[in-house]
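Breakdown of the fold
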Amino acid sequence: MDPQAVRRAVDQVIEPALGRPLGDLGIVRDVEVGADGAVAVLVGTTIPDAEAELRRRIQTALAELAGGGAVTVDFAPMSDDERAAVGGLVRPERGIAVGATGSPTRVITIASGKGGVGKSSVTANVAVALAADGHTVGVIDADVWGYSIPKMLGIDRKPQVFDQMLIPPRRHGVAAMSMDYFVEPDQAVVWRGPMLHKALEQFLADVHWDDPDFLLLDMPPGTGDVAISISQFLPRSQAVIVTTPQVTAQRVAKRAARMAEKVNQEVLGVVENMSWFTGDDGKRYPIFGEGGGAALADELGVPLLGRVPLLPAMREGADAGVPVAAAAPGSEAAEAFAAVAREIAARRPRVRTHPELVIR
């Protein structure tokens, strides 16, 4: 067995927490190849949560080279100077980089003028559907008062810190950041605008997002402080408006679209949620009425990206932390979310012809 080939294979393994090859990070301490073909690898620890996945990746990368021999992977603590050096390689400049000019990330806000239309469910399931299509995806639970994304994704651990960067936990291929990680169970978040503004800034500036293909923001209802802050932090973001078929919901959802237009944010389209329920007889029942999504899309001059049926599996998946896009692939709802994800991915951002407007 060629020790150099083994070392090259180890160096090419992607570290799961920081998203860089081990060789680029410079954290491979030692690689030993025994006379019997056994391989022993020693790597510097980034965050404890990443160790099991990194061990699996190294063992998979060396399985063929080792020819069935044992591959052991151990971890060693890093000094503060070593961690700072690695942090500088990963994020040479601190501040809001994700979604900024030059960033490859498309930022999509999932918004509506009112609550109860299923923004969080749409956010979680579209994120999982995008990840299933091979995209890298992050989600910010921007509904600071009514956070629910970690529960819907089944995330039961908090972010970890590496060199003053928060590493967001990941589930179903989606990295997520939420106030849920920092608030005691059942505690209410009672904050005014400046504190909300600062929290959102930290979610963007202090989190290692690593330029995902998509960053989705689950927005709170209405057009208040959070929406204004996001328009200032992420002026290049696009918006997806969620409504139900009900005419009243459609009228209120329109306000979120008008808010987006006011700050020169492109509205990608409309998603109609809870469009129908399919009974045991195979018949579709429009419990919340019909036509609200199409009417809103027509009024705004944007496409109807998709219609999502009301399905018990959606509620069950949200409660169990397994979104229907992952729990019931092939179902009506999962297919609807997959179609919405493809529509979003296909609609590239417009070319801006004038500066962004900012509300103060």
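Preceding this section is the structure that the text describes.
Structure report, in brief. (Residues numbered from 1 in each chain as written. Predicted model: local features only at pLDDT ≥ 70, side-chain atom pairs only at ≥ 80, totals over all residues. Heavy atoms only, no water.)

**A look at the sheet that holds strand E3 (residues 28–33)**
Pairing within the open sheet is mixed, and its 3 strands lie in the order E3-E4-E5. Since the sheet does not close on itself, it has two edges, and those belong to E3 and strand E5 (71–76), each with one partner. Shown here is a sheet whose adjacent strand axes are inclined to one another by a mean of 10 degrees, direction ignored. Sheet topology note: the E3/strand E4 (residues 39–44) ladder contains 5 bridges and is antiparallel. Among the inter-strand pairings, Val33 is bridged to a residue of E4, identified as Val39. Relative to E3, helix H1 (residues 3–11) is tilted by about 145 degrees, and along the sheet it contacts E3 and E4. (Pairing = 2+ DSSP bridges. Helix = DSSP H or I, 4+ residues; strand = E, 2+ residues; numbered from the N terminus. Axes fitted to C-alpha atoms, helices over the stretch in contact; angles between N-to-C directions. Contact = heavy atoms within 4.5 Å.)

**Here we look at empty space enclosed by the protein**
The final tally for this structure, using the stated rule, is 3 cavities of 30 Å³ or more. Its boundaries defined by the atoms lining it, the largest cavity holds a volume of some 150 Å³. Looking at the largest cavity, it is lined by 16 residues, and the ones nearest its centre are Ala111, Met219, Ala227, Met259 and Gln265. Looking at the lining of the largest cavity, the elements with two or more residues in it are strand E6 (106–111), helix H8 (225–233), strand E13 (238–243) and helix H9 (247–262). (1 Å grid on protein atoms, 1.4 Å probe; cavity = no way out; pocket = protein on both sides within 12 Å on 5 of 7 lines; lining within 4 Å. Points joined across faces, edges and corners; volume = space filled by probe spheres on them.)

**Remarks on the sheet that holds strand E7 (residues 137–141)**
Taken in spatial order, the 8 strands of this open sheet run E10-E11-E7-E12-E6-E13-E14-E17, and their pairing is mixed. Sheet topology places strand E10 (170–171) and strand E17 (304–308) at the edges, where each strand pairs with a single neighbour. As paired elements, strand E14 (residues 266–273) and E17 share 4 bridges and run parallel to each other. Paired with Glu272 across the bridge in E17 is Arg307. Here helix H13 (residues 332–346) sits on the sheet and contacts E6, strand E12 (214–218), E13, E14 and E17; the angle it forms with E17, its principal contact strand, is near 165 degrees.

**With respect to the layout of surface pockets**
Computed from the structure, the largest pocket encloses a volume of approximately 670 Å³. What lines the largest pocket is a set of 30 residues, among which Pro16, Ala17, Pro168, Arg170 and Ala175 lie closest to the centre. Elements with a minimum of two residues in the lining of the largest pocket: helix H3 (51–66) and E7. Taken together, the residues of the lining of the largest pocket break down into 14 nonpolar, 7 polar and 9 charged. (Nonpolar A, V, L, I, M, F, W, Y, C, P; charged D, E, K, R; others polar.)

**Points about the packing of helix H5 (residues 119–132) against H13**
Where H5 contacts H13, the axes come no closer than 8 Å and their chain directions differ by 75 degrees. The pairing of H5 with H13 is recorded here as roughly perpendicular in orientation. Packed against H5, whose contacting residues are Ser121, Val122, Asn125, Val126, Ala129 and Leu130, the element H13 presents Phe337, Ala338, Val340, Ala341, Ile344 and Ala345 at the interface. Of the residues belonging to the contact of H5 with H13, the class tally is 10 nonpolar, 2 polar and no charged. (Parallel < 35°, antiparallel > 145°, perpendicular 65-115°, else oblique.)

**Looking at the pairing of E14**
By the criterion of burial, E14 is predominantly enclosed, with 8 of the 8 residues buried. Pairing geometry for E13 and E14, over 6 bridges, is parallel. When the bridges of E14 are listed, Thr243 appears paired with Glu272. The parallel pair E13 and E14, bridged by H9, forms a crossover whose chirality is right-handed. (Buried < 20%, exposed > 50% of the residue type's maximum accessible area, 1.4 Å probe, protein only. Right-handed = clockwise from strand over helix to strand, strands pointing away.)

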